[in-house]
Amino acid sequence: MKKTALLIVSFLLFSVFLFAQNKVNVVVIGAHPDDCDIDAGGTAILFAKAGHNVLFVSVTNGDAGHHEKGGGALAKIRRAEAEEAGKRFGVKYVVLDNHDGELMPTLDIRLNIIRAIRQWNADVVIGPRPNDYHPDHRNTAILIQDAAYMVIVPNVAPDTPPLKRNPVFLYTEDGFQKPYPFEPDIAVDITSVFEQKIYAMAAHESQFFEWLPWTNGTHDKVPSTEAERLKWLADWRKPKINDNVLQSLEKWYGNDRAKNAKYAEAFEICEYGRRPSDEEIRRLFPFFN
Ligand SMILES: [Zn+2]
């Protein structure tokens, strides 16, 4: 009898352990409402589909990203677009109320990012590198780096309980070469969810079909029907797999799967977060197995 009770208790404890082990909490942070989507949207869909918890945070409200609209009216449009995109990705999308184009890495904003990472109980935090053409992207990267480690310090933002472990912090892929090029430590095959990623990104109508085409002179080429727009957006925004990313795909998926991958998202491990072993990365990215 005693033995049976012990077995049951062990089984229950093991189930709780497995349950806790199986959920990965991911926070993706971008400067603008659409950055998380572009840089990690496919990966977010894979996490969400497998029942993990993904939070997108836009540090600015996007109120400068348009040629005809602006200010509070534009911020309202972009918040609604982000909310719709969040539904399509299967993630929660939070837009912080800081002005677009004027972001500075202030202590106030750093503390809010620390709180957001703690409240999500993050295992993984994803954001841009500090080498980038846009000052908001650079300053977002600094804010995230400054939150790394501080998320475990109880005397910092003491109104929100600290994390027990520093999360793994990852940088998203970019093409900037100075002071050093992006290194794809981790690569995720997003071929199976690429269409969904494009459909979710298309929720940011003011960006992909108005503002960004206006900035690159293709405004008059934007198609009018939804089906044509999705195809147009897919052609324009498909992430290319370079040799380094291919090598990383081979490492995580094996050569056969890597060879067949059409689209991928890659990430570099930030030195200021927890430094995961390959085994831990496989646990944090369960779709590698
Ligand atoms: Zn941006």
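Residues numbered from 1 in each chain as written. Predicted model: local features only at pLDDT ≥ 70, side-chain atom pairs only at ≥ 80, totals over all residues. Heavy atoms only, no water.

1. Section: the side chain of Asp 34
Inspection of the secondary structure assignment puts Asp 34 in the loop between β1 (25-30) and α2 (35-49). Buried and unpaired, Asp 34 has no salt bridge, with Arg 78 as the nearest side chain of opposite charge at 4.1 Å. Ignoring anything within four residues of it in the chain, the contact list for Asp 34 reads Arg 78, Tyr 93, His 204, Gln 207, Phe 208 and Leu 212. (Helix = DSSP H or I, 4+ residues; strand = E, 2+ residues; numbered from the N terminus. Buried < 20%, exposed > 50% of the residue type's maximum accessible area, 1.4 Å probe, protein only. Lys, Arg positive; Asp, Glu negative; His and termini not counted. Salt bridge = Lys/Arg side-chain N within 4 Å of Asp/Glu carboxyl O. Contact = heavy atoms within 4.5 Å.)

2. With respect to the nonpolar core
Side chains of nonpolar character tend, in soluble globular proteins, to be buried together. Counting residues in each nonpolar core, the largest one holds 56 residues, and the members touching the most others are Phe 56, Leu 170, Ile 186, Val 188 and Phe 285. A total of six residues in this core trace back to one element, the largest contributor, which is α2. Membership of the second largest hydrophobic core comes to 23 residues, among which are Val 27, Leu 55, Ala 157 and Tyr 171. (Core = buried A, V, L, I, M, F, W, Y, C linked by side-chain atoms within 4.5 Å.)

3. With respect to helix α3 (residues 71-89)
Helix length check: α3, at 19 residues, gives a terminal C-alpha distance of 27 Å against a target of 27 Å (1.5 Å per residue), a fit within 8%. Listing the buried residues of α3 in full gives Leu 74, Ala 75, Arg 78, Glu 81, Ala 82, Ala 85, Gly 86, Arg 88 and Phe 89. All buried residues of α3 fall inside an arc of 155° around its axis, so they share one side. Pointing more than 90 degrees away from the buried face of α3 are the exposed residues Gly 72, Ala 73, Lys 76, Glu 83 and Lys 87. Each element contacted by the buried residues of α3 is listed here: α2, β2 (53-58), β3 (92-95), α6 (194-201) and α7 (205-215). One or two residues past the end of α3 sits Gly 90, with phi positive at roughly 85°. (Expected span 1.5 Å × (residues − 1). Arc of directions from axis to C-beta.)

4. What to know about the pattern of salt bridges
Across all of its chains, the model carries 16 salt bridges by this definition. With its nearest N and O atoms 2.6 Å apart, the salt bridge here joins Glu 265 to Lys 197. Of the two residues, Glu 265 sits in strand β7 (residues 264-269) while Lys 197 sits in helix α6, which places them 68 residues apart along the sequence. One exposure class covers both Glu 265 and Lys 197, and it is buried. Close ionic contact of Arg 283 with Glu 280 constitutes a salt bridge, the shortest N to O distance being 3.8 Å. Of the two residues, Arg 283 and Glu 280 both sit in helix α11 (residues 278-284), three residues apart, roughly one turn of that helix.

5. Some remarks on the sheet that holds β1
If you walk across this open sheet you meet the seven strands as β3-β2-β1-β4-β5-β7-β6, and the pairing is mixed. Edge positions in the sheet fall to β3 and β6 (186-189), since each has one partner strand and no second. Adjacent strand axes in the sheet meet at a mean angle of 25° when their direction is disregarded. Two elements, β1 and strand β4 (residues 124-127), share three bridges in a ladder whose sense is parallel. Paired with Val 26 across the strands is Val 124, a residue of β4. Packing against the sheet, α3 makes contact with β2 and β3, and its axis sits at approximately 160° to β3. (Pairing = 2+ DSSP bridges. Axes fitted to C-alpha atoms, helices over the stretch in contact; angles between N-to-C directions.)

6. Examining the coordination of the zinc ion
Protein coordination at the zinc ion: the donors are His 32 (ND1), Asp 35 (OD), Asp 35 (OD) and His 137 (NE2), at 2.1 to 2.4 Å from the metal. Given four donor atoms and angles of 55 to 123° at the metal, the environment of the zinc ion is assigned as irregular. Taken in chain order, the donor set of the zinc ion reads H-x2-D-x101-H. You can see Asp 35 sitting in helix α2 and its partner His 137 sitting in helix α5 (residues 135-147), a full 102 residues away along the chain. (Donors = N, O, S within 2.8 Å, 3.2 Å for Na, K, Ca; no water. Tetrahedral: all angles 85-135°; square planar, octahedral: opposite > 155°, others 65-115°.)

7. Let's talk about unusual backbone geometry
That bond from Lys 178 to Pro 179 is cis: its omega, 0°, falls within 30 degrees of zero. Mapping Pro 179 onto the fold places it in the loop between β5 (168-172) and β6. Of note in the backbone geometry, Asn 121 takes a positive phi value of approximately 55° without being a glycine. By the secondary structure assignment, Asn 121 is in the loop between α4 (107-119) and β4. With a relative accessible area of 46%, Asn 121 lands in the partly exposed category. The backbone of Tyr 149 sits at a positive phi, close to 70°, despite the residue not being glycine. Relative to the assigned elements, Tyr 149 resides in the loop between α5 and β5.

8. Overview of the packing of α3 against α6
Where α3 contacts α6, the two axes come as close as 8 Å, and the packing angle between them is 165°. On the basis of the axis angle, α3 is roughly antiparallel to α6. Viewed along their axes, α3 and α6 form a crossing whose handedness is right-handed. Contact residues: Ala 85, Arg 88 and Phe 89 in α3; Gln 196, Lys 197, Tyr 199, Ala 200 and Met 201 in α6. For the contact of α3 with α6, the class distribution of residues is five nonpolar, one polar and two charged. (Parallel < 35°, antiparallel > 145°, perpendicular 65-115°, else oblique. Left-handed = near helix turned anticlockwise from the far one by under 90°. Nonpolar A, V, L, I, M, F, W, Y, C, P; charged D, E, K, R; others polar.)

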